[in-house]
Amino acid sequence: MSAPLPPPPGPSNTRPQFRQHDGGSPRNQKRRRLERAPKPVKEGGAEEVLQTDISSLMSALGLTRPEKPFPEQGLPPISSEIELTIKMLSSTGDGLAEHSGRIYVVPFSIPGDIITAKVIRHTTTHSITDFLSVKSPSQDRDDSLIGCKYFNTCSGCQFQMLPYAKQLEHKRNVILKAYDNFSNLDPKLLPGIGDTVGSPLQYSYRTKLTPHFDGPRRGGFKAGAPTPDIGFMIKGRRQVLDIEDCPIGTDILRKGIKTARKYVEENLHTYKRGATILLRESTTRRPREEGEEGNTKWVEEKECITDNNAQTTEYIGDYKFVNPAGAFFQNNNSILPALHYPVLTTSPDGTRTTISTSPKYLVDAYCGSGLFTILCGKNLTSVIGVDIAADSIAYASSNAAANNIENARFIAGNAETIFESIDFPSTETSVIIDPPRKGCDKPFLDQLLEFKPKRVVYVSCNVHTQARDLGYILNGKGSGYRVDEIRGFDFFPQTHHVEGVAILTWIGEEGIASLPEDVNNG
Ligand SMILES: C[S@@+](CC[C@H](N)C(=O)[O-])C[C@H]1O[C@@H](n2cnc3c(N)ncnc32)[C@H](O)[C@@H]1O
């Protein structure tokens, strides 16, 4: 079921002009130039992922790295306009084009588009552009789908012009490439990447938004000062885009943006510097009274919470989760019920049994406020969760109790400390891993492999670090794990992000050796 799209936007295949800051004083410009000095590339970070895709496209086109050092390559001048045909969609959501033997990165474009772009920057390996307009659209482009007037400028979304089925297909390919490029694994050890599970809501799904604004260079806002731009970053710039609405946010957050902007405007003189505004949805339920219209047994009321220290409440089915508003919680409530699927059901070929019957024990590593413990823990003998955030752990305990999960205990600490406390038989234990974007630390993976749980369910918002970690597991002491499934869940429609889920079962090295050749690599 798709959410109705927001009202049609204005003309959408050109980049609209928004208020932009000037460059500031010469001193400030120098400071910004210094700030722009290249940062070290992060392992599995966006820069490395983009570089990997650029290298793949270069080899596919038979291009070599330029021999002459930049900038002596006769490149088009900065700010000049250039026509580019998009050849590939990178995993960072950018279109990649080739021109005179060089790769150009073009945001808001897809393969087959012919784009007019503005040259922004040349690097040794490639050039960065701003999207200007579509000269000739790809057959996959449908600009009538664009649901936001800031699309083509805001850095939040990349794919509003791409039909949803194509977005899901692209995300499956992102996972495929992540395992090809980052896992260092023999493809024979991996199953085919499953179809991406779509989000029931494709707009109005985000339950948390954090627009922000910059402060004056020194001394706080003076009385009567003009309101700064409040919103999200402009794609490719260190500059805030003034935003009055965000159609991927839930309805209550879309109203909340307007209220928050008014508040900042009226209270600007109280801000000493720029700020990030928290907008988080919270839900109250009451039983539907007799004769009251509606299909559910509950009536829900939504509220937009802006205080980081206040509590928010979310429901997933009949489960209730209370969290500190500023703490981590998944941002797309509509797809969370589907997370029962990877951990609680039997896979189509019967290789994966339900963990509610076997194994009997669950370790919820990086448990936050207890999402997986509570969704999956009900019929298990015992569950233990760990998270580094002590306040999340306090909420995990109270959430488990409030949802009648009586077999759970939680530990505040580094993920690897959990192994000191586990008294479960490893052959009857599943471990769910849901680390932050940087993936798991080696000490955690080493201890995991010492313990060797029967099943590992690895959930991740960065499929590149997830692929790297699976490589570490399967190429090392975890070589007796069979990978039953790898699949994306689209927690983030319209954006390039995808949540990856990988399911591993310990069958021992002998078990792996005796698998028929075609069991994996489907
Ligand atoms: C992606 S969130 C997942 C939370 C939870 N599974 C959920 O879905 O709501 C990652 C969690 O890892 C926690 N974390 C980060 N580094 C950690 C570490 N070294 N050890 C344990 N937990 C950590 C964060 O506090 C955060 O709650």
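This one's a predicted model, so the numbers in the text were calculated from it and none came from an experiment. (Residues numbered from 1 in each chain as written. Predicted model: local features only at pLDDT ≥ 70, side-chain atom pairs only at ≥ 80, totals over all residues. Heavy atoms only, no water.)

*Asks:* Would you explain the site of the ligand in this entry?
*Replies:* In the vicinity of the ligand lie 16 residues, with Gln330, Asp387, Asn414, Ala415 and Asp434 positioned nearest. The separation between an oxygen atom of the ligand and a polar side-chain atom of Gln330 is 2.7 Å. For the ligand, the protein covers 89% of the area, taking 590 Å² as the surface of the free molecule. Looking at the shell around the ligand residue by residue, the class counts come to ten nonpolar, four polar and two charged. (Near = heavy atom within 4 Å. Polar contact = N/O pair within 3.5 Å; in protein donor to acceptor, adjacent residues only side chain to side chain. Areas by Shrake-Rupley, 256 points an atom, 1.4 Å probe, with all protein chains shown as cover. Nonpolar A, V, L, I, M, F, W, Y, C, P; charged D, E, K, R; others polar.)

*Asks:* It is not clear to me how the packing of helix H2 (residues 46-60) against helix H3 (residues 164-182) should be interpreted in this structure. Could you clarify?
*Replies:* Two quantities define a packed helix pair, namely the angle between the axes and the distance from one axis to the other. Where H2 meets H3, the axes come as close as 11 Å, and the angle between the chain directions of the two elements is 90°. As judged from the angle between their axes, H2 and H3 are roughly perpendicular. Contacts between H2 and H3 involve Glu48, Val49, Thr52 and Asp53 from the former and Lys177, Asn181 and Phe182 from the latter. Here the residues of the contact of H2 with H3 are counted per class, giving two nonpolar, two polar and three charged. (Axes fitted to C-alpha atoms, helices over the stretch in contact; angles between N-to-C directions. Helix = DSSP H or I, 4+ residues; strand = E, 2+ residues; numbered from the N terminus. Parallel < 35°, antiparallel > 145°, perpendicular 65-115°, else oblique. Contact = heavy atoms within 4.5 Å.)

*Asks:* Sorry if this is basic, but what is going on with empty space enclosed by the protein here?
*Replies:* Taken as a whole, this structure holds one cavity of 30 Å³ or more when the rule is applied. Quantified by volume, the largest cavity comes out at close to 30 Å³. Val49, Thr52, Asp53, Ser91, Val174, Lys177, Ala178, Asn181, Phe182 and His464 together form the lining of the largest cavity. The set of elements that each furnish at least two residues to the lining of the largest cavity consists of H2 and H3. Per-element tally for the lining of the largest cavity: the top contributor is H3, with five residues. In terms of residue class, the lining of the largest cavity is made up of four nonpolar, four polar and two charged. Structurally, the lining of the largest cavity is a two-domain feature, drawing no fewer than three residues from each of domain 1 (38-141) and domain 2 (173-200 + 330-513). (1 Å grid on protein atoms, 1.4 Å probe; cavity = no way out; pocket = protein on both sides within 12 Å on 5 of 7 lines; lining within 4 Å. Points joined across faces, edges and corners; volume = space filled by probe spheres on them. Domains from an automatic or database assignment.)

*Asks:* What is the right way to look at the UniProt feature "binding site: S-adenosyl-L-methionine" (unreviewed entry) in the chain in this model?
*Replies:* Per the UniProt record, the feature "binding site: S-adenosyl-L-methionine" (unreviewed entry) sits at Gln330, Tyr366, Asp387 and Asp434. Relative to the helices and strands, Tyr366 is located in the loop between strand S15 (361-365) and helix H6 (371-376). With near-sequence residues (within four places) excluded, Tyr366 lies in contact with Val386, Asp387, Ala415, Ile433, Asp434, Pro435, Pro436, Cys440, Asp441 and Phe444. Residue placement: Asp434 occurs in the loop between strand S18 (429-433) and helix H9 (442-451). Here Asp434 is in contact with Gln330, Ala365, Tyr366, Phe372, Val459, Ser460 and Glu499, once residues within four sequence places are set aside. In this structure the side chain of Asp434 is engaged in a polar contact, spanning 3.4 Å, whose partner is the side chain of Gln330. (UniProt positions renumbered as here; feature names shortened; annotations may be inferred.)

*Asks:* Can you help me understand the packing of aromatic side chains in this one?
*Replies:* Any two aromatic rings considered together are summarised by their centre-to-centre distance and by the angle between their planes. Per the stated rule, a full pass over the model turns up eleven aromatic pairs. Ring geometry for Phe213 against Phe221: centres 6.0 Å apart, planes inclined by 55°, an arrangement best described as tilted. By relative accessible area, Phe213 is classed as buried at 2%. A relative accessible area of 11% means that Phe221 is categorised as buried. A centroid spacing of 5.2 Å and a plane angle of 85° characterise the contact between Phe213 and Tyr271, whose relative ring orientation is edge-to-face. In this pair, Phe213 sits in strand S7 (residues 212-213) while Tyr271 sits in the loop between helix H4 (251-266) and strand S10 (275-276), placing the two residues 58 residues apart along the sequence. By the burial criterion, Phe213 is buried, and Tyr271 matches it. Cluster of aromatic residues (ring-pair linked, three or more members): Tyr366, Phe419, Phe444 and Phe451. (Phe/Tyr/Trp six-rings, centres within 6.5 Å; stacked < 30°, edge-to-face > 60°. Buried < 20%, exposed > 50% of the residue type's maximum accessible area, 1.4 Å probe, protein only.)

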